[in-house]
Amino acid sequence: MSGNLAQKWKSFQKGFEAYLLLELSLSQHTVSAYLSDLSKLVRFLELHEYDCGPASVEQHHLEAFLVWLSGLGLAERSQARLLSALKTFYKYMVLEDLTSADPTQHIDGPKLGRKIPTVLTYEEINLLLEAIDLSHPLGQRNRAILETLYACGLRVSELTGLRRSDLYLDIGFVKVVGKGNKERVVPIGEAATKHIKLYLEGGRRGQMNIRRGQEDILFLNRRGAGLSRVMVFNIVKAAARDAGLPKNVSPHTFRHSFATHLIEGGADLKAVQDMLGHESIITTEIYTHMDTEYLRETLLQYHPRYRR
């Protein structure tokens, strides 16, 4: 957060915290969640170069903020909670005569440009992963696939395009080729690394019929060729069925779960955007690609499966 913008918000955030604790008697957990949600708005304003304090925020700023969070993959439930925090903040601002207008007044809910797919809880993620039979070579492959989807927030096309030469597991990163053949580097955690190595040293090593030209492809089908998008979809569906999950789960569910869990945990929004490989909608070039070590630290701190 830039110093100038932070200073514009600091005293208001302190007053809001006191209001939540003393006037509304909310729990410290709820207060922390509200302050975290407010910080997300400030971070958004900074990234998009809206140099405005709380009293200068208008409805269109908030609508753009909610659309942006939707694009990052934040679940509808989480967006609704965040909007509730913003409404509470501006109720406080009006009560204290700190602003004459409430920009949240006419916002009834997230302005979603598209329907957000199902998001799994961390417990559901674990149920799904643990339902896979690792005694079979295909089970080793499938567990590695799902671990990678959740650990890195990959699109299914990015997963099927992964090559062994894209793996830098000794330093905890993978190279990903996204839309428009644009490359990015994404951190990968110990759980996904462990299961990729198990697959490489087990089921994949024992595969004798790898097709010519497919030797570097990471995830292979029974015939020694790269996986199709449909095959990955079927793998995910089968795993969800075996885990007894009633939700409609797809490969993209892991990507949105990845983003939602990070954002709900308090991760930097720009870091999440970079790891997802989203095009920045900032028109200037002030914000360059984030340092890869910072991305790794973000995952270590905020991704549920990275925590010890």
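Before reading further, recall that the structure is shown in the block above.
Residues numbered from 1 in each chain as written. Predicted model: local features only at pLDDT ≥ 70, side-chain atom pairs only at ≥ 80, totals over all residues. Heavy atoms only, no water.

J.: So what exactly am I meant to see when it comes to the environment of Gly-266 here?
T.: Summarising the element assignment, Gly-266 is placed in the loop between helix 10 (251–265) and helix 11 (269–276). C-alpha separation for the pair Gly-266 and Ser-36, spaced 230 residues apart in sequence, amounts to 6.6 Å. Here Gly-266 is in contact with Ser-36, Lys-40 and Tyr-302, once residues within four sequence places are set aside. (Helix = DSSP H or I, 4+ residues; strand = E, 2+ residues; numbered from the N terminus. Contact = heavy atoms within 4.5 Å.)

J.: What exactly am I supposed to notice about the sheet that holds strand 2 (residues 173–177) here?
T.: The three strands are arranged 1-2-3 in an open sheet whose pairing can be described as antiparallel. Every other strand in the sheet has two partners, leaving strand 1 (167–168) and strand 3 (183–187) as the edge strands with one partner each. (Pairing = 2+ DSSP bridges.)

J.: Explanation requested: helix 9 (residues 229–243) in the structure shown.
T.: Working note: α-helix, 3.6 residues per turn, so residues spaced by three or four point in the same direction. The first and last C-alpha atoms of helix 9 sit 21 Å apart over 15 residues, in line with the 21 Å expected at 1.5 Å per residue. By the burial criterion, the buried members of helix 9 are Val-232, Ile-235, Val-236, Ala-239, Ala-240 and Ala-243. Looking straight down helix 9, one finds its buried side chains confined to an arc of 130°; they lie on one side. Exposed and oriented more than 90 degrees from the buried face of helix 9 are Val-230, Arg-241 and Asp-242. Each element contacted by the buried residues of helix 9 is listed here: helix 5 (122–130), helix 6 (137–152), helix 7 (156–160) and helix 10. (Expected span 1.5 Å × (residues − 1). Buried < 20%, exposed > 50% of the residue type's maximum accessible area, 1.4 Å probe, protein only. Arc of directions from axis to C-beta.)

J.: What should I look at first to understand the nonpolar core in this one?
T.: If you look at soluble globular proteins, the nonpolar side chains tend to sit buried side by side. In terms of nonpolar packing, the biggest core is built from 86 residues, with Trp-9, Leu-128 and Leu-146 touching the most fellow members. Per element, the largest residue contribution to this core is nine residues, and it comes from helix 2 (residues 28–47). Residue contacts for Trp-9: discarding those within four places in its chain leaves Leu-38, Leu-41, Val-42, Leu-45, Cys-52, Gly-53, Pro-54, Val-57, Phe-89 and Tyr-90. (Core = buried A, V, L, I, M, F, W, Y, C linked by side-chain atoms within 4.5 Å.)

J.: Explain the pairing of strand 3 here, please?
T.: Every regular strand shows the same layout, with side chains that alternate between the two sheet faces. Bridge count for strand 2 against strand 3 is five bridges, and the pairing is antiparallel. Bridged to Val-176 within strand 3 is Arg-184. The hairpin formed by strand 2 and strand 3 contains five residues between the paired strands, and Gly-180 there has a positive phi angle of roughly 70°.

J.: Whenever I open this one, the environment of Ser-78 confuses me. Can you help?
T.: By secondary structure assignment, the location of Ser-78 is in helix 4 (residues 76–95). In this view, Ser-78 contacts Thr-260 and Glu-264; residues no more than four positions away in its chain are not counted.

J.: Honestly, the packing of helix 2 against helix 4 in this entry has me stumped. Any pointers?
T.: When two helices pack together, their arrangement is given by the angle between the helix axes and the distance between those axes. At a minimum axis separation of 9 Å, helix 2 and helix 4 run at an interaxial angle of 90°. One finds that helix 2 runs roughly perpendicular with respect to helix 4. Contacts between helix 2 and helix 4 involve Tyr-34, Asp-37, Leu-38, Lys-40 and Leu-41 from the first element and Arg-81, Leu-82, Ser-84, Ala-85, Leu-86, Thr-88 and Phe-89 from the second. Residues of the contact of helix 2 with helix 4, tallied by class, amount to seven nonpolar, two polar and three charged. (Axes fitted to C-alpha atoms, helices over the stretch in contact; angles between N-to-C directions. Parallel < 35°, antiparallel > 145°, perpendicular 65-115°, else oblique. Nonpolar A, V, L, I, M, F, W, Y, C, P; charged D, E, K, R; others polar.)

J.: What should I look at first to understand the pattern of salt bridges in this one?
T.: Side chains bearing opposite charge may pair, as long as their charged atoms lie close to each other. A full pass over the atoms with the stated rule returns 13 salt bridges. In this structure, Arg-81 engages Asp-37 in a salt bridge whose closest nitrogen and oxygen atoms are separated by 2.8 Å. With a gap of 44 residues between them, Arg-81 in helix 4 and Asp-37 in helix 2 connect regions that are remote in the sequence. The closest approach of N and O atoms between Glu-158 and Arg-184, which form a salt bridge, is 2.9 Å. Of this pair, Glu-158 sits in helix 7 while Arg-184 sits in strand 3, and the two are 26 residues apart along the sequence. Assigned by exposure class, Glu-158 and Arg-184 land together as buried. Residues participating in the shared-partner salt-bridge network are Asp-37, Lys-40 and Arg-81. (Salt bridge = Lys/Arg side-chain N within 4 Å of Asp/Glu carboxyl O.)

J.: When you look at the packing of aromatic side chains in this model, what are you seeing that I'm missing?
T.: For any pair of aromatic rings, geometry is given as the distance between the ring centres together with the angle between the planes. Inspection of the entire model under this criterion finds 10 aromatic pairs. When the ring of Phe-16 is compared with that of Phe-89, the centres are 5.1 Å apart and the planes differ by 85°; the resulting orientation is edge-to-face. One end of the pair, Phe-16, is in helix 1 (residues 3–23); the other, Phe-89, is in helix 4, with 73 residues separating them in the sequence. Both residues of the pair, Phe-16 and Phe-89, count as buried. Among the aromatic side chains, those forming a connected cluster through ring pairs are Trp-9, Phe-16, Tyr-19, Phe-89, Tyr-90 and Tyr-92. (Phe/Tyr/Trp six-rings, centres within 6.5 Å; stacked < 30°, edge-to-face > 60°.)

J.: What's the story with the packing of helix 6 against helix 8 (residues 190–201) in this structure? I'm lost.
T.: Across the interface, helix 6 lies against helix 8 with an axial gap of 8 Å and an inter-helix angle of 155°. Taken together, the axis directions place helix 6 and helix 8 in an arrangement best described as roughly antiparallel. Judged by the sense of rotation from one axis to the other, the crossing of helix 6 with helix 8 is left-handed. Taken together, the residues of helix 8 that come into contact with helix 6 (itself represented by Gln-140, Arg-141, Arg-143, Ala-144, Glu-147, Thr-148 and Ala-151) are Ala-191, Ala-192, His-195, Ile-196, Leu-198 and Tyr-199. Of the residues that constitute the contact of helix 6 with helix 8, the class distribution is seven nonpolar, three polar and three charged. (Left-handed = near helix turned anticlockwise from the far one by under 90°.)

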